[in-house]
Structures are given as C-alpha cells and as structure tokens.
Amino acid sequence: MSSIFRTNIYVSCNIINDLNLLGKYGFSIFATDLDSNSTNYSKVDFTKKNIVVFGNEANGISDYILKKINQHIKIPMMEQIESLNISISVSII
C-alpha cells in the first residue's frame with residue numbers, strides 16, 4: 001500500500017545532462033523500446049540504481065537520448081496490440 005510514496009520520481013529539465021551525471025554515479029539507464037532486440041522488462045533487475053526513460057506513444061524516444069541508453073527494454077504484447085498508453089507502460093514497468 002502507498003508504494004508510490006517510497007518511489008523516487010524525478011522529472012528532468014535537461015535530460016542529456018542528467019543522464020550523463022547519473023551514469024557517472026553508477027545508474028543503469030534503460031529505455032522502453034519495441035525493437036525485437038530489446039530485453040523483456042521482467043528480466044531486468046530493478047533493485048539497483050536504475051533510470052527508465054519512457055517516450056510518448058506517437059514519437060517514442062529521440063535519437064540523441066537513445067545514444068545515452070545502456071539497455072533497451074520492452075513490455076511483451078500480443079500481436080493484435082500496437083502500443084500502450086504511457087501511463088500504462090509506466091505502471092507495468
């Protein structure tokens with residue numbers, strides 16, 4: 001109950017600088033990506049220092065941010081499903 005109050009959430013004003021800095025502090029940086037080479041999110045150890053970058057449904061994550069990512073992860077979906085709403089994706093991950 002009330003786990004949201006024990007979750008650290010940060011909204012970045014300069015994501016490139018923040019990703020560079022947090023990478024130096026040992027954070028693993030993940031990005032949600034539907035690419036077939038992406039790792040199923042259930043195989044990721046989320047108990048360590050992690051950052052997860054989510055893109056919007058229409059445009060995904062920009063190329064300059066994707067260059068900073070350590071690992072791409074995905075939520076497996078049935079063939080008939082094209083995408084998930086960002087709020088649903090965040091809640092699943």
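Keep in mind the model is a prediction, meaning the values are calculated, not measured.

1. With respect to the nonpolar core
Among soluble globular proteins, nonpolar side chains are generally buried collectively.
Right, so step 1: Residues L19, I29, A31, I51, V53, I61, I65 and I69 constitute the largest nonpolar core, which totals eight residues.
Right, so step 2: Among the elements of the structure, β1 (28-32) and β3 (50-53) are those that each provide at least two residues to this core.
Right, so step 3: Excluding residues within four positions of it along the chain, I51 makes contact with L19, L22, F27, S28, I29 and F30.

2. Remarks on the sheet that holds strand β4 (residues 71-74)
Right, so step 1: Here we have four strands laid out as an open sheet, ordered β2-β4-β1-β3, and parallel in their pairing. In the strand order of this sheet, the two ends are held by β2 (39-40) and β3, each with one partner.
Right, so step 2: Running at roughly 155° to β3, helix α1 (residues 15-24) makes contact with β1 and β3 of the sheet.

3. Here's the deal with the layout of surface pockets
Right, so step 1: As a volume, the largest pocket reaches approximately 1000 Å³.
Right, so step 2: Taken together, 23 residues line the largest pocket, and the ones lying closest to its centre are N8, I9, Y10, I51 and V52.
Right, so step 3: If one sorts the elements of the lining of the largest pocket by residue count, α1 sits on top with five residues.
Right, so step 4: Across the lining of the largest pocket, the residue classes tally to 15 nonpolar, four polar and four charged.
Right, so step 5: Its boundaries defined by the atoms lining it, the second largest pocket holds a volume of some 390 Å³.
Right, so step 6: In terms of lining residues, the second largest pocket is bounded by 17 residues, among which T32, D33, L34, G55 and N56 are the most central.
Right, so step 7: When its residues are assigned to classes, the lining of the second largest pocket shows seven nonpolar, seven polar and three charged.

4. Re the side chain of N50
Right, so step 1: Looking at the secondary structure, you find N50 in strand β3.
Right, so step 2: Looking at N50, its side chain comes within polar contact range of the main-chain oxygen of D45, at 3.2 Å.
Right, so step 3: In terms of polar contacts, N50 uses its side chain to reach the backbone carbonyl oxygen of K48, at 3.1 Å.
Right, so step 4: What N50 contacts, discounting residues up to four positions off in sequence, is F27, S28, F30 and D45.

5. Overview of the environment of K49
Right, so step 1: In this structure, K49 sits in the loop between β2 and β3.
Right, so step 2: With 17 residues separating them in the primary sequence, K49 and L66 have C-alpha atoms 19 Å apart.
Right, so step 3: Apart from residues lying up to four places away in sequence, K49 is in contact with Y25, G26, F27 and S28.
Right, so step 4: A distance of 2.5 Å separates a polar atom in the side chain of K49 from the backbone oxygen of Y25.

Criteria and thresholds
Residues numbered from 1 in each chain as written. Predicted model: local features only at pLDDT ≥ 70, side-chain atom pairs only at ≥ 80, totals over all residues. Heavy atoms only, no water. Core = buried A, V, L, I, M, F, W, Y, C linked by side-chain atoms within 4.5 Å. Buried < 20%, exposed > 50% of the residue type's maximum accessible area, 1.4 Å probe, protein only. Helix = DSSP H or I, 4+ residues; strand = E, 2+ residues; numbered from the N terminus. Contact = heavy atoms within 4.5 Å. Pairing = 2+ DSSP bridges. Axes fitted to C-alpha atoms, helices over the stretch in contact; angles between N-to-C directions. 1 Å grid on protein atoms, 1.4 Å probe; cavity = no way out; pocket = protein on both sides within 12 Å on 5 of 7 lines; lining within 4 Å. Points joined across faces, edges and corners; volume = space filled by probe spheres on them. Nonpolar A, V, L, I, M, F, W, Y, C, P; charged D, E, K, R; others polar. Polar contact = N/O pair within 3.5 Å; in protein donor to acceptor, adjacent residues only side chain to side chain.

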